[in-house]
Amino acid sequence: GVHPQDTLISTTASSLNLSDLSGKKFYVLSRLPEDGSFTDLFPLTTDRLAEIMEEMNVDAQQKNMVLEECGPEPAILISSSSSSSPPNVPASTAILADIIIPAGLTNCSPFLTRPFAMAQIATKISRGRIEVMSPKTVARAGQKLSDLDEDTLQLLDALALKPPHENLVKFEYEDGIFTPVEFLLKYTQPPTFDETLPTFGESAVNVISLASAIDYE
């Protein structure tokens, strides 16, 4: 992921050279975030981004795709992480919409009841998981993520809920290809518990059928 530092590396649009990007994975942001505390973040202009892609011999189709998603002042973030997941760079430090924990069965084990209790969320144990009895709002639009208490953050993490905000990271560049981050997020996320249940059930049926076929006892 992205590691916040105390200061932003001071870089002008003209000082980013092709040699800075050679052999590296990087990300294209549609514009600079409000939070300027990211290292290896280079502010650009649309013209300079177009020049860089020309220098990299990027084909016209990819170049147009990238430029259409960017505002007049895009940015490039050079990856300093071994993670395969694209970074999440929010446009604002404020939450865009209310965060509501919906009613229903979660993927949380019974050992994670504390953050639910601290948020005054009524739950019960069902099928070995925590079930939320009624929806509960745990954060309001306009709040800063840094203002949320530790229990609420732990609850959001347990439920794999991310505060709604605009992610400025639009493209990943690696090995000569610009890939939309939306595509990466859609096809690289691990399956949920409920998504794996049908597969598990089919496997169990296959094992039982095989055992019956060979008269295994």
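Anything mentioned here points back to the structure above.
Basis of the calculations
Residues numbered from 1 in each chain as written. Predicted model: local features only at pLDDT ≥ 70, side-chain atom pairs only at ≥ 80, totals over all residues. Heavy atoms only, no water. Salt bridge = Lys/Arg side-chain N within 4 Å of Asp/Glu carboxyl O. Helix = DSSP H or I, 4+ residues; strand = E, 2+ residues; numbered from the N terminus. Buried < 20%, exposed > 50% of the residue type's maximum accessible area, 1.4 Å probe, protein only. Pairing = 2+ DSSP bridges.

(A) Inspection of the pattern of salt bridges at higher detail. A full pass over the atoms with the stated rule returns 5 salt bridges. Arg-48 serves as the salt-bridge partner of Glu-51, at 3.1 Å between the closest nitrogen and oxygen. Of the two residues, Glu-51 and Arg-48 are both situated in helix 2 (residues 46-55); the distance of 3 residues between them amounts to about one turn of the helix. Judged by relative accessible area, Arg-48 falls into the buried class, the value being 11%. A salt bridge links Asp-151 to Arg-114, with the nearest nitrogen and oxygen atoms 2.4 Å apart. Taken together, the residues span a long stretch of sequence, with Asp-151 in helix 5 (residues 150-158) and Arg-114 in helix 4 (residues 113-118) at a distance of 37 residues. By relative accessible area, which is 17% here, Asp-151 ends up buried.

(B) Up close: the sheet that holds strand 7 (residues 129-132). With antiparallel pairing, 3 strands are arranged side by side in an open sheet as 5-7-6. With one partner strand each, in any of the chains shown, strand 5 (104-105) and strand 6 (123-126) form the two edges of the open sheet.

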